[in-house]
Every structure is written in structure tokens, then in C-alpha cells.
Amino acid sequence: TFLEYGLDARATKYTARGRARRLSLYEAWAGVRLLDDALRVRGGHLWVTEVGGLGSIAGGLVEYKHGIGAAKLRLAAFGGREPVAFDTGYVPDVTRVGGYVALDATGLRRHTMGYVLIRNQGLTERSVLTTTNYLPVTPKVFVYQSAEYDLQGPAGQGTGGLSYFFSNARVTATSRIDLLGSYHRGRSIDTRTLTLDQINGRPVPLKSLEGLFFESLSGRVTVEVVKGVRLYAGYGRDRNNRDSDPTGRLQVGGHSGNLAGTGFDVTASWNRIDRGAPGTYSAYYVSVGRSLTPQIYLSGDYSTSLSVLRFTRGDGVIVESHPETSRYGLSAMWHMGRLVSLIVNGDMTRDDMGHELRVFSGLTYRLPQ
């Protein structure tokens, strides 16, 4: 018998007037493993990752694991109330139940099929089948896929069908060349891991938004030009929102750890977005970091052409592009010992409407084994 537990809570306090303090409880659970680790039982605030963005519950989970040759089959059922996102408490009269079956094989191969039923005051809000597949086809070819299929329309209105699909393929052509292609349509957004800034309409970098396009098809080639220096170039066609026209996106960038033996880690990217008649604009991102001591790591970054997310539609998010926005950031990580780490972040955002300065700090304590 093994006891286990998990805790992930966030607290936010604003110096600006009119903005209330926030306390978010992401996970807070306790559990036990029985029958030589074959049976797992957990209760509390849980995140069931096997069903993606639909997996946040305040309730319980039971999972049974059985070996099949070199693979492991996992069967699980879960249920509970709907936690309030970015706050404490529960959504009134909303419950969530479901289950999943997962097959974990050698070579990181995994196949998962799940089901989630969300009930709101006696009405079926969503009835969804979910699936994820990670396929190491060969030692040099990897494919990842995920999808959500609504068995009926939201709240019983309209029709169901495929609401989200994502596919990503990576090919290691040579020891120095990687090929990457991806396509997705629809939105499957884990709103409980989006930052409070996004909820409040703050701008976020284009790099963070690539997974939030309503539809995107892109390809990229990455080349290791010298040891430790990787450069890439690619092109994509994107739609920010359901009703948006497609836009072209040319992307060029690279990364180097310990650049030329200096100890600096450097990442940079340039995206050129072609919006047709409205014109084109560029989005830049640069990050430089270095270890000052074995315990302290300092980094700074600069990005332009940010965007704002607004939760205003049934498909989750409207993305608004703000090409004239810039952000400057600075962060420090201090490992104060084997169990304690301190992180401090600061950033300033500027646009034609003014500027905003933010400071964030956090302390991590790792419980001793």
C-alpha cells in the first residue's frame, strides 16, 4: 500500500485598485495505491489528464491497471462537481462524470479513449468522446493525434460531430535535419491552465497562441548548423477564429544552448503574417538566459505583436491581434537548496494606449521523500 497526494494552488494580488485578490485551487488530492500498484484511488480536486481539457473535477477517481505482455492496460472511472476556474468554490448544479481506457506500450506508445458527460441542472451540457494517440512509427518517425467528438450538440442544441482534431508528425531525416508538419481544426482549450492574464484580456505572445488558432496547417524544417545551434524555417496557413479569412505565416528562428561556450542560452524567432488587404506585420521574439551561479539562473526576453484572448463564443475564444504591442520581461530562478526554489518575474507591456508593469514571485517547496 502506497499513500500519495498532490497540491497545486495559486494566489494573485493586484496593486491596482478595483481588482480583487484571487486564489485558484488547481489540484488538492490524496490517494492510495493498492494490490501491488494495480489499483489507484484518489479523491479531492483532480486533473484527469487522459481526457484533456475536460478533466478538471472535484470528486474522485478509481483506476485499475493490468499488464498485457510488455504493455499495460488502464481502466478508470471518475466523477464529481465542476470547480470554478481561477477561483475557489464550485459551479452550482454542474456535475462531471466519465471514464477512460488507456494502453501504454513500449517505445512511449500510448493510446487513450475517454468519455466525459457534463450535466447542468438536469440538462446534458456536453457528451464527448476524447482520444489521444502517440505513435512511434519507426525510430525516426513520430506521430501524435488527439480529437474530441460531441455525441450531441451543446445543451442538446444543434448537432454533434467532430469538434476538434489535431495531428502532428515529426521525421528525423538525418542526424542534423528534422521535418515537422502539423494540422488542427477547432479548439480544445484547457481553460484552467490559461493564465489569469489571458482571462483578464491581457496580450500574450504569438508563440503561445499557435495552439489556439481555430485552424492551422504548417510545415517546418530544422537544421543543426553546428553542434548546439539549431535553426528552423517554415510556413503556415492559419485562421484565428471561425469566421476569419486564412492568413499566411512565414516563420524563421533558432536556439542555442551555451552559445559559443559563453554560457548564454539564446532563442529567437521572426514571424511574418500576411493578412491580405489589411496588410502584413512582423512578430519578433528574443530570449537570452545564463546561469550566474550553479543555483541562480537569470533570463530576459522581448516580444512584439501580441494578441488578446476573449472568452466570448461557444468555441471558447476569440483571438484579437495587436501588432503594435511590445513586451519586455525579466525572470530569475534561485535554487535555495535541494527542496526550495524561488522564482521572480517582471514584465512591461507597451502599446499605443499606454503601458503596464507587472511583478510576480513564487516559492516552490519539494516535500522530502
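Every chain begins its residue count from 1, and numbering advances along the sequence as written. Selection of residues for local features in this predicted model requires a pLDDT of at least 70, selection of side-chain atom pairs for listing and counting requires 80 or more, and totals for whole chains, interfaces and linings are taken over all residues. Side-chain descriptors were evaluated using all non-hydrogen atoms of the structure, hydrogens and water having been removed beforehand.

Examining the overall build of the protein chain
We count a stretch as a helix when DSSP gives it H or I for four or more residues in a row; a strand needs E for two or more, and each element gets its number in order from the N terminus. From N to C terminus, the protein chain includes 2 helices and 21 strands. Contact between two residues is taken to exist if any of their heavy atoms lie within 4.5 Å; hydrogens are not considered. Partitioning the intrachain contacts of the protein chain with sequence separation of at least 6 by distance along the chain shows that 41% fall at a separation of at least 24. A total accessible area of about 20600 Å² is found for the protein chain, and carbon and sulfur atoms account for 59% of it. Per-residue and other accessible areas were derived by the Shrake-Rupley procedure at a 1.4 Å probe size, with only the shown protein chains allowed to occlude residues.

Brief notes about the pairing of strand S8 (residues 123–138)
Should DSSP find at least two bridges between two strands, the strands are taken to pair. As paired strands, strand S7 (residues 110–120) and S8 are joined by 11 bridges and run antiparallel to one another. Paired with Leu-117 across the bridge in S8 is Ser-127. In this antiparallel pair of consecutive strands, S7 and S8, the connection spans 2 residues, and Gln-121 shows a positive phi of 55 degrees. As defined by bridge partners, S8 adjoins strand S9 (residues 141–150) across 10 bridges and the pair is classed as antiparallel. Paired with Asn-133 across the strands is Gln-145, a residue of S9. Linking two consecutive strands that pair antiparallel, namely S8 and S9, is a turn of 2 residues.

Comments concerning the environment of Phe-142
Assignment of secondary structure puts Phe-142 in strand S9. In this scheme, a residue with accessible area under 20% of its type's maximum is buried, one over 50% is exposed, and one in between is partly exposed, where area comes from a 1.4 Å probe on protein chains only. Of the residues examined, Phe-142 reaches a relative accessible area of 24% and is grouped as partly exposed. Counting along the chain gives 29 residues from Phe-142 to Val-171, while the straight-line C-alpha distance between them is 6.6 Å.

Some points on the nonpolar core
Buried Ala, Val, Leu, Ile, Met, Phe, Trp, Tyr and Cys residues form a nonpolar core when they are joined through side-chain atoms within 4.5 Å. Counting 15 residues, the largest nonpolar core has Val-48, Leu-61, Phe-78, Tyr-100 and Val-116 as the members making the most contacts within it. In terms of residue count, the dominant contributor to this core is strand S6 (residues 90–104) (3 residues). Setting aside residues up to four positions removed in sequence, Tyr-100 forms contacts with Arg-40, Val-48, Glu-50, Leu-61, Glu-63, Arg-74, Leu-75, Ala-76, Phe-78, Met-113 and Gly-114.

Side note on the packing of aromatic side chains
Any Phe, Tyr or Trp ring, taking Trp's six-membered ring, that has another such ring centre within 6.5 Å forms a pair; planes under 30 degrees apart are called stacked, those over 60 apart edge-to-face, and the others tilted. In this structure the tally under the stated criterion is 3 aromatic pairs. Ring centres of Tyr-302 and Tyr-328 lie 5.0 Å apart, and the angle between their planes is 40 degrees; on these two criteria the pair is classed as tilted. Of this pair, Tyr-302 sits in strand S18 (residues 296–310) while Tyr-328 sits in strand S19 (residues 318–335), placing them 26 residues apart in sequence. A relative accessible area of 29% places Tyr-302 in the partly exposed class.

Here's the deal with the pattern of salt bridges
A side-chain nitrogen of Lys or Arg and a carboxyl oxygen of Asp or Glu constitute a salt bridge if their distance falls within 4 Å. Here the structure, examined in full by the defined rule, presents 18 salt bridges. Two residues, Glu-63 and Arg-40, come together in a salt bridge whose shortest N-O distance is 3.2 Å. Residue Glu-63 is located in strand S4 (residues 56–68), and its partner Arg-40 is located in strand S3 (residues 39–47); the two are separated by 23 residues in the primary sequence. According to the relative accessible area criterion, Arg-40 is buried, its value standing at 14%. Arg-185 serves as the salt-bridge partner of Glu-215, at 3.4 Å between the closest nitrogen and oxygen. On the criterion of sequence distance, the pair formed by Glu-215 in strand S13 (residues 215–226) and Arg-185 in strand S11 (residues 177–186) is long-range, its members being 30 residues apart.

Here we look at the environment of Tyr-284
One can find Tyr-284 in strand S17 (residues 280–291). Considered as a pair, Tyr-284 and Ala-268 are 16 residues apart in the sequence and their alpha carbons are 7.6 Å apart. Contact partners of Tyr-284, with chain neighbours within four places excluded, come to Ser-269, Trp-270, Tyr-302, Ser-303 and Thr-304.

So, unusual backbone geometry
For Leu-35, which is not glycine, the phi torsion reads 55 degrees and is therefore positive. With respect to the helices and strands, the residue Leu-35 is situated in the loop between strand S2 (22–34) and S3. In this structure, Asp-93 is a non-glycine residue whose phi angle is positive, near 65 degrees. Positionally, Asp-93 belongs in strand S6.

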